[in-house]
Each structure stands twice: as C-alpha cells, then as structure tokens.
Protein chains: 2
Amino acid sequence: MGSARVFLLCCILAIFFHSVLCAKSRHFKWEVEYMHWAPDCVEAVVMGINGQFPGPTIRARAGDNLHIELTNKLPTEGVVIHWHGISQFGTPWADGTASISQCAINPGETFVYRFKVDKAGTYFYHGHYGMQRSAGLYGSLIVEVTDGEKEPFHYDGEFNLLLSDWWHKSSHEQEVDLSSNPMRWIGEPQTLLINGRGQFNCSLAALFSNSSSSQCNLRGSEQCAPNILHVLPNKTYRLRIASSTALASLNLAIGNHKMTLVEADGNYLEPYSVSNMDIYSGETYSVLFTTDQEGSKNYWISVSVRGREPNTPQALIILNYIPTSASNLPNLPPPVAPLWNDYNYSRSFSSKILALKGSPKPPKKHDRRIILLNTQNLIDGYTKWAINNLSLVLPATPYLGSIRYGLNNAFDHKRPPENFGPDYDVSKPASNQNSTYGSGVYMLNFNTTIDVILQNANALQANVSEIHPWHLHGHDFWVLGYGEGRFNEKNETQFNLKNPPLRNTAVIFPYGWTALRFVADNPGAWAFHCHIEPHLHMGMGVVFAEGVQHVKKIPNEALACGLTAKMLMNNVHK
Amino acid sequence: MGSARVFLLCCILAIFFHSVLCAKSRHFKWEVEYMHWAPDCVEAVVMGINGQFPGPTIRARAGDNLHIELTNKLPTEGVVIHWHGISQFGTPWADGTASISQCAINPGETFVYRFKVDKAGTYFYHGHYGMQRSAGLYGSLIVEVTDGEKEPFHYDGEFNLLLSDWWHKSSHEQEVDLSSNPMRWIGEPQTLLINGRGQFNCSLAALFSNSSSSQCNLRGSEQCAPNILHVLPNKTYRLRIASSTALASLNLAIGNHKMTLVEADGNYLEPYSVSNMDIYSGETYSVLFTTDQEGSKNYWISVSVRGREPNTPQALIILNYIPTSASNLPNLPPPVAPLWNDYNYSRSFSSKILALKGSPKPPKKHDRRIILLNTQNLIDGYTKWAINNLSLVLPATPYLGSIRYGLNNAFDHKRPPENFGPDYDVSKPASNQNSTYGSGVYMLNFNTTIDVILQNANALQANVSEIHPWHLHGHDFWVLGYGEGRFNEKNETQFNLKNPPLRNTAVIFPYGWTALRFVADNPGAWAFHCHIEPHLHMGMGVVFAEGVQHVKKIPNEALACGLTAKMLMNNVHK
C-alpha cells in the first residue's frame, strides 16, 4: 500500500538523517493539580495540568507513540485520563477509565500512559473518574496525518475550539447533590467556555442582544478573555471542534459564513455544508470555512445551548479579518441558534452526516443485537438512570483485570439483559419506576458484529424525554440510523449500510432510537455510556468486554487496587 | 497484680455465664460518605459516617478488641481514620495515618481496623488524610475501665463533649488556598461546634452579650440545635471533652461551677480545680463538676477561642437543672474567657496539670535528645512550616511498609537534623527564611528514652509566634516542662521528673519551648506533628520509627499502594 511504502521510505531516511518525519515517540510529563482559576471571570478552583486550564494541547501524527507520564498532585483523590476517540488497540489498560481499564492513580503516584494514536483526526482527553471532567480536567488531542499523507481536503490554516460548560458549584458538591435523596439536580451551567474561557453574566454582544446581561468588561489579559481567531481574507480554514461539556448540547455558527463538515470523531465525512451545526458532548468535528466575506468587518462565532431549555448565555468569540482591528465588534448581531427544542432540525442535521466515499463500510449482517432502553428511575428514593432496568455502579476492581484473571467476586456475574419487556411503553412514564443497581458486563464474542439499538423513553416526569449522547470506548461504530418511537425489527430496512458515518459518539433523540453497528475486534473491557457526566454518575452506562484472553500482560500499576491487587500481592506468600 | 486477677476471674466467670463482663470484641460496620448537613444551621457538605455527623460514638472497655470495618463511599478520594490516643501496640498498621501507617482506602474498598483499646480514658477518632478532619470526619471514642476496676474518682453521671471548629469554605478549597502561591490563609472558623452543633452568626446568649449577633432562632429539631445537659441537683458529673478543632485553641467554662480536672489524654491527673480550662486541638480531658448551685436556674457552658485573635462567636450550651425547664435561659451572662493573648494564664494553666500520684514516672535519663525548631518559611514563594528547616512532604508509599521492607526510594534517606544552628534567634524573623521539603525519618533505637524539645520561634512576620499543639502517635510522653525563649541544656534542671503528666498532645507557647520524654517501645512508624490541620498540611510534622524489624506481618491491604504494592505484586512474577 502507498502509506506502507511511504512509512518504510521515511524510516530509512530517518536512520540516515535523524529525521522526525515518521512515527515517533512523544513524551510528556504532566502533573494534575487543583488551582485557582477564573474560567468565566469568576474565580473558582479548577483541575489543571502543569498549571494550565484546559490541559496542554497534544499534537501528534498518526502512528506516533505517546508516553504521558501522569503524576497525581491532588491531595486525596485518585485520577485517570481517558483519551477520547483513541482505539487503544493492544493497550486497553491505557484507556484511562477508572474501575474499567485501570485502578485510579493514587495521590503522589505516577502512571505512564503509553499508546499509539493510529488515526488522524480531532480528539480530546478528559478525566474519567467521579466528575473530574466537570472539575475541568480536559484538553485537546490533535492527530495529524502521517508525513507524506494528505487529508482529503485543503485548508490554509487551522484553529482549535474545545467547548465545555462551567458551573460555579464545585464538582464535589455536584456529586453530593446528585447522590442525595431526594436528588438535587445540578441545573444548567452558568457559562459556556471556548478553550476554557467564557464570560459569566455578561455578553460580548450586549449591544446587539435583547438579553438583560451587561456588556463584558475585559481587559484582554484575563484568564477568561476570549480567544480571537485572526484570519486572512480569501483563505480556507479548518476549525477543529470538540465538546467536553458535562451536560450541554451545543450549536455553533460563524456569522455570515457557511461551514463544511469534513471530519467527525476522527473519521472523514462526505462534505456537508451548513450554516450552523449541532455538537453533542463527546463529539468532535472538523469544519472548513472560507473567508469570503467583507474584509473590513469582524464576525461572531457563537456557541449556544440546544436540547435543554437554555438558561446559559451564548458564548461568543470574534473572527477577525486581518488587517481589520480585532477590537471592532461585529456590526451584525451574533447568529441565532435553532430553537432549543426543534428536534426535527437536530434529527435532520444528524442524519445528513455521512461517511466520505471510500470509507470502510459496515458488515452487512450482525451477529448479535443488544437493545438498550434508557430510563430514569428511583432506587430506594434515589434518582438514577438505568439501562434495561440496571443502574450501573462501578466496582472497586477494574473490569479489565478482574475479567483477565477470572476474579469472580469483582462484579455481578449475572448477564445484563439484551432487551426490555415487550409491554414497555416508551412514550409514557414507566408504570413501575423502580430499578436496581448492577455491575454486570456484556461479554461479546471476539470479532463478532454487534448491533446496539439505543432506545430512548420517557423520563420520570410525564412528557419529558432527554437527549443522550452515547460514547463507546475502544471502537468506532457505524451509525446506521435514527428513528422515532420504539424500535422494531422492521426498522432494519431503514438502516443505511451504504455510507453510514463511523463515530465514537452518537445521540439518541427524545422518544427515539439510534442504531449502531461495530465489530468487537479490540481485546479489552470498554465503557459505553451517556457522555453527560451527571447521567453517567447516576448510572447511565454499560460495559462491554471482548477477547480479554488476548490481552497481553496488563501493567501492575493498572492493577494495584481491589481484588487484583489482593490476588497479586497474596500470591507472593504462597 | 490486682487487675490481672480480676481479668482472670472475669474470664472464668465468662466461660460459665457467657458474660460480657471481660474483654470482648466489638464489631462496627462503617461507611464514610459526603452528605448535606447544617452543622451551624447553614447547609454545607460534611464527611459523615453511616449518615451521622459527627461519626458514631464508640464506647468500649479497656482491653476490648475493636473491629471497625470501614468502607469508603467517597466518589474519588481515599480515606483513613486515626484512633487518636490509642497506642496501637502490635498493630501499627491500624493507626490510620495515610502515608505513614497504611495506604489510604480506595473508593469502594473496605479496610478493617483491628486493634485493642488498652487503657481507659477519653479519646476520639478522626480522618488523617489531606484535610478530611476539617471536612468533618471525626467522632468520640470512650474507653471505660474494665469491669471490676474503678476510676480513682467518683461520679454519678457523665456527658461527652466533642469540640470542633467549622468553616463555610469546603476543606477541598481550603487545601487549594493553603497550597497556593501566595498562600491564602483559611482565616478563623465561622463557628465553633459542640458535638457537631453550633450557631452561625447568632448567639444563644444575645440578650446578655455585647456582640452584634442576633438571638438564635432554633426550633430544637435542627441538626444545629444545641445539646442540653440535664442534671440533677447535688450530684457529681463527669464531663468528657475532646478537641478535634482544625485550628482553634479553646477555653471551656461552666457558669458558676468549678471543674476538677481528673484525666487528660487517657491518663489520670492529680485533681486540679479550675473555673475555666484551656483545651488545645488533639487534647482530651475529663473534668468533674458538682451541681451545687441554685437549682431553679440553668447555667451556660461556654467554649471560646484562645491563642488567636478571636473572630468566632463563643459556642454555648445549657446546663439544665432538673426539674427547671430547659427553655429558661440562664439569667447570668455566659462565662467570659481569659483574654485570647493572655499567655501567662495559659502557661500557668498548663503547668499545673500533673500526674495523679502513683502514675508511671519517666526514666531519669534520656538516651537521645532531639530538638525540633518550628519555623514558618518560604519555599519557592510557597508559605510552609518547617522543622529544623525541613517541611514535611508525605510520600506516596507509607513509611511503615517501606521501612519494614527496606525500600530505599520511598523517602529521603538523609537523616533529618537533631538540632538547629546555634546562631538562630528564635525571637526574630529568620534572616534566611528559605527552607526545603523533606520526607526523612527520625530512626529511634528500640526501647531507648527519647527527649524531644519543641522549640517555638518567630513566624515570617515580625512579632508573631503562634501556639502549636503537638501530637505523638503510638505513645504517651511525659511533659517535663515549659520554658520561654530558646532552650538550653541548663533548663534541664527545671524538668519535672516527679509527677509530670503523661499526654499524647502538648502545646508550645509563643517564643517558648516544651520538653517531652518518651520511651521508644512501640514497633512502628509514628507521626509527630502539629495538630492544627492546616499547619500539618503545610509541612509541620516529623516521623519517628522504632523497632520496625519487630513488626509482625503487615496486612497487604495496608500496603496496596506505591512501592510496597509494586514490590509485592512484582514478586509474583519472579
């Protein structure tokens, strides 16, 4: 193949020229710690890396090996980092999911994440323990194509926007609120952040908006001062976008500019031109835009809440046409997002995201189909989310180790259900709202093709069904289709097997279903969960495991807790 | 001996009568978790045990074996519990000090504390990881005399008062504040708590006080509603008092009633009659009082701040003479504590605390004398406390395991200094305020007699020297004396070798020294530190170790972190 030849040539050249052209190891030394920070101009405590919030941006090339030496400088908390969208093929212990792929790193200790970034694309990383993502533990991970390779589109420059939402209540207190009886909901975020920067209770665009918020008073040097995107006229730019929100579904627009979606979750798309785009938590995109508008003006880039009744101001940054002064505010009001509950718009947007011609196609048939009904439930008065009536409680011993070593008491060995009752009416509150806790695993036969039907339903309250973006670790899946109401086998005829997009995150719309297909070809134990952090905290996830017998020796550092530690430490005395 | 005979008799009887008269095992199942609570009528998050704040009171008898099965239900934090004042002879891994005696218990995991309470007295327990004591992790531990034994004093009833201080800022945020550059001091507590109950910004005694605070409006059922001590006239009561404060030095008084100190830190005192008493963090006392006052009235019991310029209202509860209605407020104003900076008063009070006649006497001579200068310092701009210029940083691998297994890289192997420079002027800010971090250990020869001279000094700011109550784990020490200025060997002539009190906590006064003596007869690794939690967090402590070669097999559960986990897990592959 072309790329193999290039790689070989590159490596030969490297031997002679000490070149950095081909796959290389990239080393990082990171320390995670709490620090004072003012993400939205209001001082708070964030979880930062090496004194930065968000954490440092990693740029690598496809095929590179990353070595991230992560030291936990938190006083009493464990920590892990998940490399969202990276397959971790051959290194499932480096997936960075506490209770699943590894033991949390103890305070004062260091764990080295060693893994290959095998596919160019836009990714990010984030905490995956408790609600540490909400605390601010995230950053961008950008993988460029291998030298000599080309992206299937052209651009002259690029920008990176990492989107998140921010609360003034600490994530610790949010955890307590969510786990209380009665549950206290965390509410809508105070502020949306773009690259960790936002403005609480003021608007850069106050002159143009009807909102009661006041004009922001920024001197430019604040931690919350918005990024400005400086562009030259008549060029094409790539905007990389990732959403690390804890809750918010977003819509992004560039005033007066069309955008063309070309990449999602590290997979190329059939170019798709839009004037605004939805982005759900856990998704990443690349869009191209051309600076073909009047060059004497600046333009707004806006990020707004969708899918929940918004109570958070639009986040804004400025697209600045050089040589126009960046301090000239745009003379048009910021873009207006579609109505928060215009789900037809959302469905239409999502269903037009399709794979670039020539992308890998899904197997024609599935070996197993798992239908996952998500419901909101009460367990002993505690509000939880459940999948087929089991609300996920993560065990003290990570699954990867306990499955690998056959430790029977590490989690529920009862198989979680493949489906839910035929009489369940997804359009109404459940007649029996009770549920139970569970920690069982969907054991997948290695190299088989799995269909997952995500089935949405009414929540506890009548006439409420929420959006949930589901993220799969260790794999991309094909999104075969979306539908409304309860899925039935006849809906299979609507599946798109021709050019479904490969993604690692897909949304289910209110009262709808989403059909996914993937090949269980990555030995390991993998989380599959709603990427809304409080929903996962309340049990909205499942665990898949496949081919664990093929997993090579798991580093002891990933096993130093729970029953795996016990087993390995006890053996020494035998 | 008398007690041995009683014990034997008791056990023989027990065999026949299934009696519970003699030493027994007491089992507890505890879960530590965060919960909403309003300790001072303002809702906050506290660290509770089994849904209680403070944690459950343990009552046992001397000689009992306690089994406390502690499950960590915190989302992401480790936890340990220290049994303050219990010697842990033969069970040094159960001392409950993270980084010293054991690895912190991971979320979801359980550790069983198994230890003997060998001596009757008033004790308490508390978190000893990060600032989890400040978060509210504490409770009372009361050890009664073995059946058939008698206390050397009489009383008709008893009450238990666990004293603490409370901030509205979370302990997590306090940790970040203290670790910032520049350091942000936590300030004075908002409220003093008695048995976990206090009143923020109001006073039960507003009618009588000059303070601007308003009368409290309590309905009696609130979590913050004060305890009432109901007493019968003409009886003698034992008041057990423990101070778990994070910062505050306290003074306690009972309006119109004298108190007689009879026990401190689990050791009997020569009865000492006072009208009010100082209590430093980490200290416990029993006092007797007789209800010999006018029975138609009620009386205030007051707790006030001393040793720091107070900015916290007095805590008050009511001593209610039955059958007078408990809702009758006392008609006298609450007791007025000595001036906060009347250190002569404090010194006088402390120096009159002496051992009951017949108590164990200290060895006449010491084998080694360690002089510990405490200073406030700057390290790279961070404000720290240091001992002989080393600011303690606790290692990831607990000392007990790393010393027991000879793991050389677990901590600094350079011996920490035995003294400080002869030119150091303790009365002024240091000419060189720099210091370094350290994790070295004072290795003590087993069964030798150690003198420790705690030497106070001026802090960073001129004319400031603070009170520090130092607490020793694993031992009681004799308090041989207090002095002013810099200790010199001639001061030895002032040592009280006749009836010095045995304590586990002793205070150093501003610009003064305190001389302690103990026998290094308890195999293990033991913290010795300022019991002010932010001071320990800022490095104010040292570690002693003795006879570690005699420590029996440490349970693996105490070793499952850091280099001990690595060693034990790696061995399996050899």
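Residues numbered from 1 in each chain as written. Chains lettered and ligands numbered in written order. Predicted model: local features only at pLDDT ≥ 70, side-chain atom pairs only at ≥ 80, totals over all residues. Heavy atoms only, no water.

Under an unreviewed UniProt entry, the name given to chain A is L-ascorbate oxidase, and the source organism is Olea europaea subsp. europaea.

Draft legend 1. Quick peek at helix 2 (residues 171-178) of chain B. Counted residue by residue, helix 2 of chain B has seven buried out of eight residues, so it is predominantly covered. Considered for burial, the residues of helix 2 of chain B that qualify are Ser171(B), His172(B), Gln174(B), Glu175(B), Val176(B), Asp177(B) and Leu178(B). The secondary structure elements touched by the buried residues of helix 2 of chain B are strand 1 (25-37), strand 2 (44-49) and helix 2 (171-178) of chain A together with strand 1 (25-37) and helix 5 (533-537) of chain B. (Buried < 20%, exposed > 50% of the residue type's maximum accessible area, 1.4 Å probe, protein only. Helix = DSSP H or I, 4+ residues; strand = E, 2+ residues; numbered from the N terminus. Contact = heavy atoms within 4.5 Å.)

Draft legend 2. Expanded view of the domain arrangement of chain A. Residues and elements named next belong to chain A. Looking at chain A, the domain boundaries give domain 1 (20-144), domain 2 (157-351) and domain 3 (368-568). Taken over C-alpha atoms, the centre of domain 1 sits 23 Å from the centre of domain 2. Buried area between domain 1 and domain 2, both sides added, is near 2700 Å², and the carbon and sulfur share of it is 55%. Area buried by domain 1 at its contact with domain 2 is led by Asp40, Thr122 and Met131, which between them contribute 24% of it. Taken together, domain 1 and domain 2 are joined by one salt bridge. Across the salt bridge formed by Arg59 and Glu158, the nearest N and O atoms sit 2.7 Å from each other. When contributions to the side of domain 1 that touches domain 2 are tallied by element, the ones reaching two or more residues are strand 1, strand 2, strand 7 (121-127) and strand 8 (138-144). Taken together, the residues that form the side of domain 1 that touches domain 2 break down as 18 nonpolar, 10 polar and six charged. (Domains from an automatic or database assignment. Buried area = accessible area lost by both parts, 1.4 Å probe. Salt bridge = Lys/Arg side-chain N within 4 Å of Asp/Glu carboxyl O. Nonpolar A, V, L, I, M, F, W, Y, C, P; charged D, E, K, R; others polar.)

Draft legend 3. Broad picture of the nonpolar core. Among the nonpolar cores identified, the biggest contains 116 residues, and Trp83(A), Tyr113(A), Trp83(B) and Tyr113(B) are the most heavily contacted of them. Apart from residues lying up to four places away in sequence, Tyr113(B) is in contact with Leu66(B), His67(B), Ile68(B), Leu70(B), Val80(B), Ile81(B), Trp83(B), Ala94(B), Gly96(B), Gln102(B) and Ile105(B). (Core = buried A, V, L, I, M, F, W, Y, C linked by side-chain atoms within 4.5 Å.)

Draft legend 4. Spotlight on the sheet that holds strand 5 (residues 81-84) of chain B. Residue and element names in this part refer to chain B. Across the sheet, which stays open at both edges, the four strands sit in the order 3-8-7-5 with mixed pairing between neighbours. A strand with exactly one partner marks an edge of an open sheet, and here the two such strands are strand 3 (58-61) and strand 5. Recorded for the sheet is a direction-independent mean angle of 20° between the axes of neighbouring strands. Bridge analysis of strand 5 against strand 7 (residues 121-127) gives four bridges, and the strand direction is antiparallel. Looking at strand 7, one finds that His84 is bridged to Phe124. (Pairing = 2+ DSSP bridges. Axes fitted to C-alpha atoms, helices over the stretch in contact; angles between N-to-C directions.)

Draft legend 5. Summary view of empty space enclosed by the protein. Residue and element names in this part refer to chain A. One pass over the structure, following the stated rule, counts 10 cavities of 30 Å³ or more. As a volume, the largest cavity reaches approximately 100 Å³. Together, 14 residues line the largest cavity, and Leu192, Gln199, Gln314, Ala315 and Leu316 are the ones closest to its centre. For the lining of the largest cavity, the element with the most residues is strand 21 (residues 315-321), which contributes three residues. Of the residues belonging to the lining of the largest cavity, the class tally is eight nonpolar, five polar and one charged. (1 Å grid on protein atoms, 1.4 Å probe; cavity = no way out; pocket = protein on both sides within 12 Å on 5 of 7 lines; lining within 4 Å. Points joined across faces, edges and corners; volume = space filled by probe spheres on them.)

Draft legend 6. Highlighting the sheet that holds strand 31 (residues 505-508) of chain A. Residue and element names in this part refer to chain A. Ordered by their spatial adjacency, five strands build an open sheet running 26-34-33-28-31, and the pairing between neighbours is mixed. In this open sheet, the two edge strands, each paired with only one partner strand, are strand 26 (442-444) and strand 31. Across this sheet, the average inter-strand angle for adjacent strands is 20°, counted without regard to direction. In this sheet, strand 33 (residues 524-530) lies alongside strand 28 (residues 468-472) in antiparallel orientation, the contact comprising three bridges. Across the sheet, residue Leu472 finds its bridge partner in strand 33, namely Phe528.

Draft legend 7. Quick look at the layout of surface pockets. Residue and element names in this part refer to chain B. Computed from the structure, the second largest pocket encloses a volume of approximately 960 Å³. As for the second largest pocket, its lining consists of 41 residues, of which Asp118, Lys119, Ala120, Gly266 and Asn267 are closest to the centre. Looking at the lining of the second largest pocket, the elements with two or more residues in it are helix 1 (2-17), strand 17 (267-274), strand 28 (468-472) and strand 32 (512-519). Here the element with the most residues in the lining of the second largest pocket is helix 1; it accounts for three residues.

Draft legend 8. Main features of the packing of aromatic side chains. Throughout the structure, instances matching the rule amount to 54 aromatic pairs over all chains. A centroid spacing of 4.9 Å and a plane angle of 55° characterise the contact between Trp470(A) and Phe528(A), whose relative ring orientation is tilted. Placement of the pair is Trp470(A) in strand 28 and Phe528(A) in strand 33, with a sequence separation of 58 residues. Since its relative accessible area comes to 1%, Phe528(A) is described here as buried. Between Tyr399(B) and Phe411(B), the ring centres sit 5.1 Å apart and the planes meet at 55°, which makes this aromatic pair tilted. (Phe/Tyr/Trp six-rings, centres within 6.5 Å; stacked < 30°, edge-to-face > 60°.)

Draft legend 9. Focus on the pairing of strand 20 (residues 298-306) of chain A. All names here are of chain A. Of all nine residues in strand 20, nine are buried; the element is thus mostly enclosed. When strand 15 (residues 249-254) meets strand 20, the two strands line up antiparallel, connected through six bridges. Bridge pairing in strand 20 links Leu250 to Val305. Alignment of strand 20 against strand 21, held across six bridges, turns out to be antiparallel. When the sheet's bridge partners are listed, Val303 is paired in strand 21 with Ala315.

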